[in-house]
Amino acid sequence: MSTVPEVVVTGLGATTPLGGDVPSTWQAALAGESGARTLENDWAERYDIPVTFAAQLRVAPDQVLPRPELKRMDPSAQYAVIATREAWKDAGSPEVDGDRLGAVVSSGIGGIWTTLDAWDTLREKGGRRVLPMTVPMLMPNSPVAYVSLELGARAGAHALVSACASGAEAIGYAVDMIRSGRADVVVAGGTEAAIHPMPVAAFAASRTLSTRNDDPTAASRPYDTARDGFVLGEGAGIVVLESAEHARARGARVYARIAGVGLSADGYHITSPEPSGDGQIRAMQAALADSGVAAADVHHVNAHATSTVVGDLIEARSIRGVLGSDADHVALSATKSMTGHLLGGAGALETIFAVLALHERQAPPTINVEDPDPELVLDLVRDKPRTLPDGQVAAINNSFGFGGHNVALLVTSV
Amino acid sequence: MAYSEQEILAGLAEIVSEETGLPADSVLPEKSFTDDLDIDSLSMMTIVTLAEEKFDVRIPDDEVKNLTTVGDAVSFINGAQAA
């Protein structure tokens, strides 16, 4: 008789607008810091771009990686490799047969710096000056390919693309790889490096970015009545997932379980979430059903909540729709208020936050909520972290993406 | 304006050093790109592309396989710019 393996989290890694690793990022999040800053470049004047700030990495990769690695990898892959090295070390550098080790690392946008730099080179200097590493650097599977090379992960290397849900979908797929018996250990997460003037101009053109140029740290304000769009962030989050049996056998420290994965699509609009929240509700319900956890045991939700006028409330109503009166005891955190929106990295970083929230029984705060939207019908953790109850508790991390992708991951304490 | 052999060696060493992380002063004429400097074909083509730009020469693909050592490349570039 075979049973489906339980999947646990044994390692965490990140590089984010709040810090160059997980401990510094988590401490800054608990302290309610913002990673948003005015951009120190001339893009706004030079290209007439209406948004002059973003949440850039706190520790630039050239402070961490040697020059040949910097030249060989797009920033999106650099961030993923930095986070992977931390996560792998944090997991105790497990000894695992490469054929039983998988990698799933997503990016929402791919190697946009490489793509556009090569295009600039072609136009300025001609086709013969375009470098031979251009394609392996710009392809959206480049980050996961480098992670696979780094660790010798040969059970499979996958890059699932679903815009801002990509990082969470990667973790969901990694869970499936372990449950289906394809791997014992999978390194999974998401990465994004798209703070380039073209995507900034394009997101601004779609009116999804906050234009609070005079006060960047106050710009990302999910559920505040004065919210006016998201703040573009960048970075990567990586988790080491393992079958519980494999983790037990090597005496690994276990942070939490990924007990349920819920996926759905809206099939409604290329950017707008379906107004009734039906797709989001089905994703959360699927995650609950997959885990076997009762709604009553969910005490924390890390919301997708990007600080857009429409999106935040649809999600809040969906959470209420799924959990009903059990939503009353849910501590809701919108950590993009601090990190900005890491796009393909967001779902992975926020899963790390949900895992740490359960591990340390601390729900991180939501900052900048001066005047909560009166239509918000949930208990938002504001300004200071909140202690979560002892015992077996569960958390949900929601991630939604342009295109109508909905991912809910259900995390439980150990 | 033509570069001297010494200038070509120094410029090439800088490109190889950037690509590989090896110190520039270890990129000597007798060193083999593959055996001594551990440069794979993709890195070699990167070095060729950057050298073409730096020295304003063409290094045809058919020639690249003949450039076994750093010295071979220096000689070829020197000849190509003279031509």
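The structure under discussion appears in the preceding block.
Residues numbered from 1 in each chain as written. Chains lettered and ligands numbered in written order. Predicted model: local features only at pLDDT ≥ 70, side-chain atom pairs only at ≥ 80, totals over all residues. Heavy atoms only, no water.

1. Description of the packing of aromatic side chains
Residues and elements named next belong to chain A.
Thought 1: All chains considered together, the criterion is met by 5 aromatic pairs over all chains.
Thought 2: Ring centres of Trp-26 and Phe-353 lie 5.9 Å apart, and the angle between their planes is 35°; this geometry places the pair in the tilted category. Of this pair, Trp-26 sits in helix α1 (residues 22-30) while Phe-353 sits in helix α14 (residues 346-360), and the two are 327 residues apart along the sequence.
Thought 3: Judged by relative accessible area, which is 3%, Trp-26 ranks as buried.
Thought 4: Summarising the aromatic geometry, the rings of Phe-203 and Phe-230 are spaced 5.4 Å apart at their centres and angled 75° between planes, so their arrangement reads as edge-to-face. Taken together, the positions of Phe-203 in helix α9 (residues 197-205) and Phe-230 in the loop between α9 and β7 (235-243) put the pair 27 residues apart, joining distant regions of the chain. The pair formed by Phe-203 and Phe-230 is uniform in burial state, with each residue classed as buried.
Thought 5: By way of ring pairs, the aromatic residues Phe-203, Phe-230 and Phe-402 are connected into one cluster. (Phe/Tyr/Trp six-rings, centres within 6.5 Å; stacked < 30°, edge-to-face > 60°. Helix = DSSP H or I, 4+ residues; strand = E, 2+ residues; numbered from the N terminus. Buried < 20%, exposed > 50% of the residue type's maximum accessible area, 1.4 Å probe, protein only.)

2. A few points about α9 of chain A
For an α-helix, 3.6 residues make a turn, and residues three or four places apart therefore share a direction.
Residues and elements named next belong to chain A.
Thought 1: Among the residues of α9, those classed as buried are Pro-197, Pro-199, Val-200, Phe-203 and Ala-204. Projected down its long axis, α9 carries its buried residues within an arc of 170°, all on one side.
Thought 2: Tucked into the core, α9 has its buried residues touching α2 (43-47) and α5 (112-125). (Arc of directions from axis to C-beta. Contact = heavy atoms within 4.5 Å.)

3. Focus: the interface of chain A and chain B
Thought 1: Facing 12 residues of chain A, the contacting portion of chain B comprises 13 residues.
Thought 2: Considering only the surface of chain A that becomes buried against chain B, Arg-128, Arg-129 and Pro-132 of chain A emerge as the three largest contributors, covering 42% of it.
Thought 3: Our count for the contact surface shared by chain A and chain B stands at 5 salt bridges.
Thought 4: Counting residues per element, the side of chain A that touches chain B draws most heavily on helix α3 (residues 67-72) of chain A, which supplies 4 residues.
Thought 5: Its residues assigned to classes, the side of chain A that touches chain B comprises 6 nonpolar, no polar and 6 charged. (Buried area = accessible area lost by both parts, 1.4 Å probe. Salt bridge = Lys/Arg side-chain N within 4 Å of Asp/Glu carboxyl O. Nonpolar A, V, L, I, M, F, W, Y, C, P; charged D, E, K, R; others polar.)

4. Section: the sheet that holds strand β9 (residues 298-302) of chain A
Residue and element names in this part refer to chain A.
Thought 1: An order of β5-β4-β6-β7-β1-β8-β15-β14-β9-β10-β12 is seen for the 11 strands of this open sheet, with the pairing classed as mixed. Looking at which strands have only one partner, the edges of the open sheet turn out to be β5 (156-158) and β12 (379-380).
Thought 2: Of the strand pairs in this sheet, strand β8 (residues 256-265) and strand β15 (residues 405-412) are connected by 8 bridges, and their pairing is antiparallel. When the sheet's bridge partners are listed, Gly-262 is paired in β15 with Ala-408.
Thought 3: In the packing of helix α7 (residues 142-151) onto the sheet, the strands contacted are β4 (101-107), β5 and β6 (185-192), and the crossing angle to β4 comes to about 155°.
Thought 4: Where helix α8 (residues 166-179) meets the sheet, it contacts β1 (7-15), β4, β5, β6, β7, β8, β14 (394-401) and β15, and its direction lies at approximately 170° from that of β6. (Pairing = 2+ DSSP bridges. Axes fitted to C-alpha atoms, helices over the stretch in contact; angles between N-to-C directions.)

5. Things to note about α7 of chain A
Residue and element names in this part refer to chain A.
Thought 1: Along α7, 7 of the 10 residues are buried, which leaves the element largely enclosed by surrounding structure.
Thought 2: For α7, the complete set of buried residues consists of Ser-142, Pro-143, Val-144, Tyr-146, Val-147, Ser-148 and Leu-151.
Thought 3: Buried-residue contacts for α7 involve α3, α4 (75-90), β4, α6 (134-138), β5 and β6.
Thought 4: Gly-152 sits one or two residues past α7 and shows a positive phi near 65°.

6. Remarks on unusual backbone geometry
Thought 1: At Ser-307 of chain A, a position not held by glycine, the phi torsion is positive, near 90°.
Thought 2: Checked against the element boundaries, Ser-307 of chain A lands in the loop between β9 and α12 (309-323).
Thought 3: The phi dihedral of Asp-38 of chain B is positive, around 55°, even though this residue is not glycine.
Thought 4: You can see Asp-38 of chain B is positioned in the loop between α1 (5-20) and α2 (41-55).
Thought 5: Residue Asp-38 of chain B is classed as exposed on the basis of its relative accessible area of 69%.

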